[in-house]
Each structure stands twice: as structure tokens, then as C-alpha cells.
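Coordinates in review
In case you want the letters, here they are:
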Amino acid sequence: MNTIAFAERTRGSRPFLDARLAGNLRGSLWLVLIAAAIGLFVMAFGSPFIIRLTATAFINLIAVVGLQIFMGNSNVVNIGHAGFMALGAYFTAIFATPVMIKASMIPNAPFGLAGVEVGALYAFLISVALTSLIGLLTGLVLVRLAGIAATILTISILVIVQGVLVTWTDLFRGAQAFFGIPKVVGLGLIIVATAAVLVVARMFKGSRLGVQLRASATDPLAAEAMGVDVKRLRLIAWVLGSAVVGCAGALYALYAGTINARAFYFHTAFLTLAMAIVGGMRSVTGAMVGVALLTVLLELIRILEGGITVLGIAFPEMLGLSGLMLGVIIVAVMCFRSDGFMGGHEIEEVFAMLRRRLVAGKREG
Amino acid sequence: MTALPSSDVNVPEAPEGLSAGTGSCLDIAGLSKRFGGVYAVRDVSLRCDAGEILGLIGPNGAGKSTLINLITGTLRPDTGQVTMDGRVMNGLTVPECARAGIGRTFQNIRLFANLDVRQNVEVAHTTASRHREGGPELHEIDDLLSRMGLLPLADRLATTLPYGLQRRLEIARALALAPSYLLLDEPAAGMNDAESEQLVDLIQKIRDDFGCGVLVIEHDLRFIRRVCERVAVLHMGEILTIGSPEAVLNDPRVIEVYIGAASEDEAA
């Protein structure tokens, strides 16, 4: 009965494109609502420490969503995203930092960049544009490779970016911190940016191109035989992902005011990768769940790390526990839910499944 | 050994709106492909008219898969060319061939495992609707699914379907390209008699409804006899003979190739 009614409805009104758009918008709305609710709640009631933690978590979320756009849809493991975060942060720093501070910090900057100063918003936009451009250049090479070779290229990108940042001292200050970036971004703006990025990722995933790319992720050969230009789609996702990850770095620079190249290396790469994997990288909801789970867990572990007393039992200091636990969490998730916590489902799909199960349960009862 | 001109054999009337024999055909001319020093396909000439169901048979290793890969752009031929409705297909990439109007299925089913039934069809449908100039009219996705009896299952994950329906979905997906020519690579493999009987009807219905030429690669000679109007036999990379199913399957050379191969199989 049900299926027949459904068939007639879809055939009668013929709203396929609209149905897709409506579905994507509904999915995006859920994501934005949840993210905004958490963010606004923290803004209203959180202590400064919690606010700082949340701001960092949201910036991580933007990076993880950027990771999801490429990795979740194309199924190519990417470890280079921390490099793009670094680029986003440093480009913003170079353009937004006041000339006076730069005069003492990077007086010999090439291309006369020591004398350039633009508003934070323009610095942000320039930075995201430049990061996307580098994404395009690296992407042209990346899409020619498949599987593990592509992953190794992403690691190389990370190492090269780090190398350039550390050795090009005239422009990036090398291993020293780059400070004096105007701190114009607070949690509020970060929430807005996160919402925008969530919508972009969800719309891309559900778009025609997103569906084609996900098809090619399971079977590139069959996808090509169905007319899908796999390389072109991977390039689009890579550049879009780079832009979003660069956006995370740029926001971080404008939020923290001080950046350091070492903060954007393997540690960050693996932390955000772990968030994507734990939540389930095939869905945008998974990115959100992964960031939330790991942020809370790691914070709890950090308390444990310092040594606490529970019910009269004093636990000793256990330095390095958070690093260990990160590994344990990933192993546990891989064992019990190899597809991540969300298993590739979006939140509205989970609701739909629950509703169906409820209806079925009622009918039986 | 060259192909017999198609006028020698009994070509059925093409469906309305399509004129067979006026250049509307998939024309394979003198195609050769070598791997190392060995010819996988040697000087093969073959034509599949619009609206025709052409069978391609041959023992294992005869070059059937290579021929398919040459037609779909997966492999580049060393010599010879493929022409589709007057358009030279040499040098086109796999996606370009697909958009130009060559749909295919795979010997071992290759559905998009992480997508549902409708999305599987949608992937082909969107590439076709974007890049198509002319060619057969595109069917709506739901229309296509209901013709193939898959509409009630549209929201199921593709790989949760039973085997026979997965084969059917693969055909539906290829049809979403609105192909001028449909290549079916062992469509009856793993099917029981009742299922392959249904498949015969389905393939003929597809030809009638969609007006495309169908090239069926099969091992099952009974299946080929029932579904095809003409049969080509490939042996050691060369065309052994082309003709009506009766003529071909009673040809002593074909029997020798097949029975010979069969008795070798039994011995091994």
C-alpha cells in the first residue's frame, strides 16, 4: 500500500530537483540548528574557559568539515589538511597584522608585504582565495593519483608546507611565533562561519556532483562507465575542502592573535582526522558528532591527567594519557563501528529511520 | 576473416523513428589490440545496427572482454576504429564514450554500494542530461525504475537487493544514460532458468521501448539463441562467423570450438 502511494506521489508531481534541494536544505537546517544551539548556549552561560574550549572546538569542526568534503565523499584519505590550515592562518596573519608590528617582526618580507595592511575581513578573504589557489595547484597533481599514492601526496603537502613555513623566516618567522594579529573574531563570528560551512558541505554532499563523487568512491570504474568525470569531481571537492580548511586556519589566527607553525603539523592533522573517523567521515553530521565526542572526552582525560581524587582515592599524575586515549578511542570505534559513530548517516536520515521503526512497531503492537 | 555484410543476414525491422542501415550503427572496423606480442583482438570488424540485438559469443579468452574495453574507451586499439552513428569514437575517454551514448553493464555486478537504488540510476541520468546533444530522449528516473519493476525498492541500498534485481538495476542504470547502444556483459550469469527467461523478455522489451542497439556477450548458448537476432562468434581474438543464431550454432566450426573447449574443460 505504502509503496504504491509513494510511487504515485513522486510520479504525479514530478518534483525531483526540488525534492533534492528541499532535502538538502532540511538536512543543512538541522545541522545549523544544532551547532547554533550549542554555540549560543555556551555564549550565554559558559565560563571564559568553556567559551575558549568551544571556540577551538568550532574551529576544529570547520577543519573537520573541510576534511569531510574531500575525504568523506571521495574516500581518499587526506592527511595534508593541517597544511592548508597553516596556510590559511599565515596568509591572514601576513595581511591583517598592523604594519608597525610587522616592521619589527618581518622587516625583510618579500614582495613588500611588510608594508601591506588590510582589514581583517579582506585578509580573511584573500587568505581563503590564496589557499584555494594552492589547493587547485596541488589538486591538479593529486587527482592523477589513486588510493595510497594520493594519501602519500597529501602527507608530502603537509611536510612541504611545514618546511616552507619554518625555513622562510623572512616571511613566516620560521619556528618563532607570529603575533600581533588583530583579535577581531569571537565565538559569535565563529558560530556564523561554522553554520555557513556546514551548509556548504551538506549541500555539496547532496548535490548531483556530490552523489556522483560518492558513487566514484565505491567504484571508480563503474562511475566512469556511467559518464562520471571522476578526476574533475575530485578536483572540485579538493579545492572546496582546501578553502574550508583554510577558512578554519584564518579564523584561528584572527581568534588567537598568535600562531605558530608547529601547531599545524601532524598533531593537528591526526586530531582532526581522528574526529572525522570517530564521527563517521561519510556524513557531515558525523563530523559534528566526532568533534563533540573527542573534545569532551579529551577534556575529561586532561582533568584525569593532572591527577584527581575520586571517593578518597587519589589518582597519580598521568602525563601523556590524552595521547594514549586518542589511540584507544580510535581503535574502539574501528572495532565496534568501523564506519564511525554516525555510520555515514545524516541526522535527518536517523530521524526518518527511527520514525519508520516506530511506525512498524506500532503496527505490530 | 572479415565480417559478413549485415545485408546477408536477416535483420529485423527497426522500431519506429530509427532507420537501420542508413549509418545508424555501432561500427567496429578492423580493430586490433596486442598485449605484449599476443593479439587479444585481431582485425575484428562487426556492426550492431540501431534497434538490433546482436550476440557475441566465444570461449574463455576469446577476446570478448578486450573487445568491450575497446568499445567503451577503457583500452585504446592499436589499429582500427569504432564509429557510432557516424561519430568516430577513437580517443574518447571512458566517461566521454558513456555520455556519447554507450551504456554498459559488468560481468561481475558493479553497483554503487553506498548509494540507494534511485541514486544509482541518478548518477548516470545526471551525466547524460548534462552532456547530451541529440540522441534518444531521456526518461525520468522514476519512470525508468517503474519500467524495470524497481520503483518500490527505490530507497533501498543497492547492494541489499537480491542478486537478480541487482542485475536488473545495473541495466536500469545503464539505460539512464539513454544509450544508443547497450553492452550487456554476461547478463544471465548466475541466473536460474526462470530468471534468464524473464531476462530474455526484458532485453527485447528494452530494445522495443528504448530503440537502442543491444550487444549481448554471453556464455549461455540457449540464452543467446532465444534473445539475439544475429550472433557473432569470437575465437582466438578473431571473428569466426556471423549470422543468424540457428546458422551460427549449427556451424561445424563453432561446434568444434565450443565442444572442443568443453571437452578440454571436462578433461581438466
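Structure shown above.
Attention in this report is confined to the structure presented alongside it. (Residues numbered from 1 in each chain as written. Chains lettered and ligands numbered in written order. Predicted model: local features only at pLDDT ≥ 70, side-chain atom pairs only at ≥ 80, totals over all residues.)

**Description of the overall build of chain B**
Of regular secondary structure, chain B possesses nine helices and 10 strands. Expressed as a percentage of its 268 residues, the buried residues of chain B come to 46%. Taking contacts inside chain B between residues at least 6 apart in sequence as the whole, the part at least 24 apart equals 70%. (Helix = DSSP H or I, 4+ residues; strand = E, 2+ residues; numbered from the N terminus. Buried ≥ 20, exposed ≤ 12 C-beta atoms within 10 Å, placed from the backbone. Contact = placed C-beta atoms within 7 Å.)

**Observations concerning helix H16 (residues 347-364) of chain A**
Between its terminal C-alpha atoms H16 of chain A stretches 26 Å, which fits the 26 Å expected from 18 residues at 1.5 Å a residue. Counting buried positions along H16 of chain A gives one out of 18 residues, so the element sits mostly on the surface. (Expected span 1.5 Å × (residues − 1).)

**Some words on the nonpolar core**
Core analysis: the biggest nonpolar cluster contains 181 residues, and Ile62, Val65, Tyr90 and Leu251 of chain A together with Val216 of chain B have the highest contact counts within it. Ranked by the residues each element gives to this core, the list is headed by helix H12 (residues 230-256) of chain A, at 18 residues. Among all residues touching Ile62 of chain A, those that are not within four sequence positions of it are Ala193, Thr194, Val197, Val244, Cys247, Ala248 and Leu251 of chain A. (Core = buried A, V, L, I, M, F, W, Y, C linked by C-beta atoms within 7 Å.)

**Re the interface of chain B and chain A**
In this complex, chain B contributes 27 residues to the contact, which on the side of chain A involves 22 residues. Where the side of chain B that touches chain A is concerned, the elements lending two or more residues are helix H2 (94-100), helix H3 (117-131) and helix H4 (141-147) of chain B. It is H3 of chain B that provides the largest number of residues to the side of chain B that touches chain A, a total of eight residues. Among the residues making up the side of chain B that touches chain A, the classes are represented as 14 nonpolar, seven polar and six charged. (Nonpolar A, V, L, I, M, F, W, Y, C, P; charged D, E, K, R; others polar.)

**Observations regarding the pairing of strand E1 (residues 25-35) of chain B**
Residue and element names in this part refer to chain B. As judged from the eight bridges shared by E1 and strand E2 (residues 38-49), these two strands associate in the antiparallel manner. If you follow Leu31 over to E2, its bridge partner there is Val44. Linking E1 to E2, which pair antiparallel, is a turn of two residues; within it Gly36 sits at a positive phi near 65°. Judged from the five bridges that link them, E1 and strand E4 (residues 79-84) form a sheet pairing that is antiparallel. Note on E4: the bridge partner recorded for Ala29 is Gln81. (Pairing = 2+ DSSP bridges.)

**Quick word on the environment of Arg47 of chain B**
Residues and elements named next belong to chain B. Considering the arrangement of structural elements, one finds Arg47 in strand E2. Look at Arg47 and you get buried, because 20 C-beta atoms sit within 10 Å. Sequence separation between Arg47 and Leu215 is 168 residues, and the spatial gap between their C-alpha atoms is 9.8 Å.

**Quick notes on helix H3 (residues 48-74) of chain A**
All names here are of chain A. Helix length check: H3, at 27 residues, gives a terminal C-alpha distance of 39 Å against a target of 39 Å (1.5 Å per residue), a fit within 8%. The principal kink in H3, of about 35°, is found at Gln68. Among the 27 residues that make up H3, 20 are buried, leaving the element largely enclosed by the rest of the structure. Among the residues trailing H3, Asn75 stands out with phi positive, at a value near 65°. (Bend = angle between axes of the 7 residues up to and from the residue.)

**Here we look at the environment of Ile50 of chain A**
Its location among the elements puts Ile50 of chain A in helix H3. Ile50 of chain A sits 184 residues away from Arg234 of chain A along the chain, and the two C-alpha atoms are 38 Å apart.

**Details of the sheet that holds strand E6 (residues 102-104) of chain B**
Residue and element names in this part refer to chain B. One open sheet holds the six strands; their spatial order is E6-E7-E8-E3-E9-E10, and the pairing between them is mixed. In this open sheet, the two strands that pair with only one neighbour each are E6 and strand E10 (238-243). Within this sheet the neighbouring strands show an average axis-to-axis angle of 20°, counted without direction. Relative to strand E8 (residues 213-217), strand E7 (residues 181-185) runs parallel, the two sharing five bridges. In the strand pairing of E8, Leu184 is matched with Val216. Running over the sheet, helix H1 (residues 64-71) touches strand E3 (53-57), E6, E7, E8 and strand E9 (230-235) and is turned about 150° from E7. Against the sheet, helix H6 (residues 193-210) engages E3 and E8, with an angle of about 155° to E8. (Axes fitted to C-alpha atoms, helices over the stretch in contact; angles between N-to-C directions.)

**With respect to unusual backbone geometry**
Residues and elements named next belong to chain B. Residues other than glycine seldom take positive phi values, yet Asp85 does so here, at roughly 45°. Mapping Asp85 onto the fold places it in the loop between E4 and strand E5 (87-88). Non-glycine residue Met236 carries a positive phi angle of around 55°. Here Met236 shows up in the loop between E9 and E10.

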